[in-house]
Amino acid sequence: MQTYRKVLLAAAASLVFSASAMAADKLKMGIEAAYPPFNNKDASGQVVGFDKDIGDALCAKMKVECEVVTSDWDGIIPALMAKKFDFLISSLSINEERKQAVDFTDPYYSNKLQFIAPKNVDFKVDKESLQGKVIGVQRSTLAGTWMEDNMEGVELKLYDTQENAYLDLTSGRLDGILADKYANYDWLKTEAGRTYEFKGDPVVEGDKIAIAVHKGNDELRNKLNAALKEIIADGTYKKINDKYFPFSIY
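Note that this is a predicted model, so its numbers are computed, not measured.

The rules behind each value
- Residues numbered from 1 in each chain as written.
- Predicted model: local features only at pLDDT ≥ 70, side-chain atom pairs only at ≥ 80, totals over all residues.
- Heavy atoms only, no water.
- Axes fitted to C-alpha atoms, helices over the stretch in contact; angles between N-to-C directions.
- Helix = DSSP H or I, 4+ residues; strand = E, 2+ residues; numbered from the N terminus.
- Parallel < 35°, antiparallel > 145°, perpendicular 65-115°, else oblique.
- Left-handed = near helix turned anticlockwise from the far one by under 90°.
- Contact = heavy atoms within 4.5 Å.
- Nonpolar A, V, L, I, M, F, W, Y, C, P; charged D, E, K, R; others polar.
- 1 Å grid on protein atoms, 1.4 Å probe; cavity = no way out; pocket = protein on both sides within 12 Å on 5 of 7 lines; lining within 4 Å.
- Points joined across faces, edges and corners; volume = space filled by probe spheres on them.
- UniProt positions renumbered as here; feature names shortened; annotations may be inferred.

Visitor: Any chance you could explain the packing of helix α2 (residues 50-62) against helix α10 (residues 236-244) here in plain terms?
Guide: When two helices pack together, their arrangement is given by the angle between their axes and by how far apart the axes lie. Where α2 contacts α10, the axes come no closer than 10 Å and their chain directions differ by 165°. The pairing of α2 with α10 is recorded here as roughly antiparallel in orientation. Of the two possible hands of crossing, α2 and α10 adopt the one that is right-handed. Here F50, D53, I54 and A57 of α2 come into contact with α10, specifically with T236, Y237, I240, N241, K243 and Y244. Along the lines of polarity and charge, the residues of the contact of α2 with α10 split into six nonpolar, two polar and two charged.

In structure tokens form, the structure reads like this:
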């Protein structure tokens, strides 16, 4: 009986170990999937974009299987904190407020904020010139925070997705948009964006974009940082970059 009991205990321990190993070999990565070219869905409903490609490359280096879990932007950090996914790779700017809730990896690209507006409009980007205009920004972004901090008195319209802001711009409900330069760059190349252009210089430069993990998960954060160094060193990062941009965004 004692021998039989030992066998059962050993088998149970083996199952627990196997389950733990399997869990460690599979990770969930959170993505908004509504922010092209960084993350969106193709015609078949598959998540695609720069963020997704970088995430896949990192998972390959870490030798883990990764499953994409999508989330609306407004709830994407709470979803990470609720452990609906293991890491969040969705063009998230590093800032002090977010650092209170999550831990960040090293940046995987740098961004800028810049206005866009119709080509045929004299659009100046100082506070006095923007009085009386309606500017669109995506909610809970660096662009929204910058507008609130620097453009007091300018009418601000908040959107749940960047795509909805572009729709209102083309419908004439906005005078301009402030957003990440590279998202704007991609949209300006579309048929809808061809009559619009960048206005003024970037109002913010050196916006660092990183992957977020659960607070205190140094093991995963360190693995992601090591994998990021590897894909930069072996040229994988450049191949992904060049797929989306004719210039480096690192």
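Visitor: What's the story with the layout of surface pockets in this structure? I'm lost.
Guide: Unfilled space is identified by rolling a water-sized probe across the atoms. Approximately 340 Å³ is the volume found for the largest pocket. Surrounding the largest pocket, 16 residues form its lining, I77, N95, E97, R98 and S140 being those nearest its centre. For the lining of the largest pocket, the secondary structure elements donating two or more residues are α3 (76-81), β5 (87-93), α4 (96-99) and α6 (142-150). A total of three residues in the lining of the largest pocket trace back to one element, the largest contributor, which is α3. Its residues placed into classes, the lining of the largest pocket shows seven nonpolar, six polar and three charged.

Visitor: Please clarify how the UniProt feature "domain: Solute-binding protein family 3/N-terminal" (unreviewed entry) in the protein chain should be interpreted in this entry.
Guide: The sites that UniProt annotates as "domain: Solute-binding protein family 3/N-terminal" (unreviewed entry) are residues 26-248. Taken end to end, residues 26-248 is 35% helix and 33% strand, and its first and last C-alpha atoms sit 30 Å apart.

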